[in-house]
Amino acid sequence: FCLMAAPGKVAAFRLPPLPTIGEIIKLFRLKALKQLSQNFLLDLRLTDKIVKQAGELKNAHVCEVGPGPGGITRSILSAGVEQLLLIEKDARFIPGLQMLSEAAPGKVRIVHGDILTYKMEKAFPKHLKKNWDDEPPDIHIIGNLPFSVSTPLIIKWLENVSKRDGPFIYGRTQMTLTFQKEVGERLTANPGSSQRSRLSVMAQHLCTVENCFIIPGQAFVPKPEVDVAVVHFTPLVQPKIQQPFELVEKVVRSVFQFRRKYCFRGIETLFPENGRLKRTEQLMMTADVDPTLRPFQLSMSQFRNLCNAYREMCDEDPGLFVFNYREELRQKKMTRSVLESTGQPEQIEEENQL
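Quick notes on the rules
Along each chain, numbering runs from 1 in the same order as the chain's sequence is written. The predicted nature of this model means local features are confined to residues of pLDDT at least 70 and side-chain atom pairs, given and counted, to a pLDDT of 80 or more, with totals for whole chains, interfaces and linings taken over all residues. Think of the side-chain values as coming from all heavy atoms in the structure, minus any hydrogens and water. UniProt positions are given in the numbering used here, feature names are shortened, and annotations may be inferred rather than shown by experiment. Two strands pair under a simple rule: DSSP has to find at least two bridges between them. Runs of E in the DSSP output that reach at least two residues are strands. Runs of H or I that reach at least four are helices, and both are numbered from the N terminus. To obtain an axis, a line is fitted to C-alpha atoms, over the contacting stretch when the element is a helix, and the angle between two such axes runs from 0 to 180 degrees between their N-to-C directions. Residues count as neighbours in contact if any of their non-hydrogen atoms are within 4.5 Å of one another. Throughout this description, buried means an accessible area under 20% of the type-specific maximum (1.4 Å probe, protein chains only), exposed means over 50%, and partly exposed covers the range between. By definition, the crossover connecting two strands over a helix is right-handed if that path, from the first strand to the second, turns clockwise as seen with the strands pointing away from the viewer. Arc, as used here, means the arc of the directions from the helix axis to the C-beta atoms.

- Named according to an unreviewed UniProt entry, the protein is rRNA adenine N(6)-methyltransferase originating from Sitta europaea.
- Looking at the Sequence similarities (unreviewed entry) heading of the UniProt record, one finds this comment for the protein: "Belongs to the class I-like SAM-binding methyltransferase superfamily. rRNA adenine N(6)-methyltransferase family. KsgA subfamily."
- We quote the UniProt Subcellular location (unreviewed entry) comment for the protein here in full: "Mitochondrion".

Next up, the structure:
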């Protein structure tokens, strides 16, 4: 319901008196499941702080991922949102969320489903759509994610950003999400940092990524072994690497495959064994990248050059992009085991030397 406002002021939304999150957990006999890496955040001051990082939510449309017992949900509703979509996989939490829905009539829609498969293209009204070049739409994604889901989910959403589909069909939808502290540090790590990784490059070439603040582990129930980072994402108008997501992901993954070695060692894995050295040298010369740099030392512009040069090589040789280094290793291993089983030591020795 809405409290009466002073003349000339808009009424502020207030939830009616409700059981505390702790009482909800007791009432519905909820227990965090370790196998689902669930951790409850009971301190409403911290949930308010998370929601504040999302920006101005008054009259906005929000999707909360994995609301659980509803701590962050209360803070989102208190921010005066127009509509709140809750996507919860664990059926045990639905009754407690329905209680919140009844306390905010017409504002909450609950979906019992998996965010990894839920079709976000139809999650919000069409009139909220904005052009990609415009300011971000009045749509936000917020979530205290289970650790087991956070990394695959952000990779999926980064691919959606690249293709401008999923929740980004509406424009540059902003996200405020929790991660293990270490993952949060990787997402925001600069070149040269020991935390610089595949995730750093994939996130930063598509979004402005901000590590907002750290929540100590003891704030959660049960207490995780690590602290938690709150990270905010705003998709960029122009990605820093203008190549298809799959190509960028393949190049970046290959470079970081041997993160402690020189970067050319990982880049070699982009090419079949026949002509590997020559093609690796060609790629690195075209991209103007020092082969003795470590993967974490490469700048975004150097990754862009590598992706552009690799794209040119793939255009010249259409079969190159589908080459799989691990599959090549698997085939070699099978061949060697066949040779060993048939007792052909000369060929085995030749293979070893190769």
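That was the structure; now back to the text.
**As for the sheet that holds strand 2 (residues 61–65)**
So, point 1. Across the sheet, seven strands lie side by side as 4-3-2-5-6-9-7; this open sheet has mixed pairing. Two strands bound the open sheet, and with one partner strand each, they are strand 4 (108–112) and strand 7 (207–215). Here the average twist between neighbouring strands, direction ignored, is 20°.
So, point 2. Pairing between strand 3 (residues 83–88) and strand 4: five bridges, direction parallel. Counted as the bridge partner of leucine 85 is arginine 109 from strand 4.
So, point 3. Packing against the sheet, helix 2 (residues 44–53) makes contact with strand 5 (139–143), strand 6 (174–180), strand 7 and strand 9 (228–235), and its axis sits at approximately 165° to strand 7.

**Details of the pairing of strand 3**
So, point 1. With respect to burial, strand 3 is a largely interior element, five of its six residues being buried.
So, point 2. Here strand 2 runs beside strand 3; their pairing, made up of five bridges, is parallel. Considered in strand 3, the bridge of histidine 61 is made with glutamine 83.
So, point 3. Each parallel crossover has a hand, and for strand 2 linked through helix 3 (residues 71–78) to strand 3 it is right-handed.
So, point 4. The parallel pair strand 3 and strand 4 is bridged by helix 4 (residues 94–103), and the resulting crossover is right-handed.

**Quick notes on helix 2**
So, point 1. Taken together, the buried positions of helix 2 are Leu46, Thr47, Ile50 and Val51. Burial along helix 2 is one-sided: seen end-on, the buried residues are contained in an arc of 140°. Summarising the geometry of helix 2, the exposed residues directed more than 90 degrees from the buried face are Arg45 and Lys52.
So, point 2. Turning to helix 2, the residues buried within the fold contact strand 1 (40–41), helix 3, strand 5, strand 6, strand 7 and strand 9.
So, point 3. Positive backbone phi, approximately 105°, marks glycine 55, located one or two places after helix 2.

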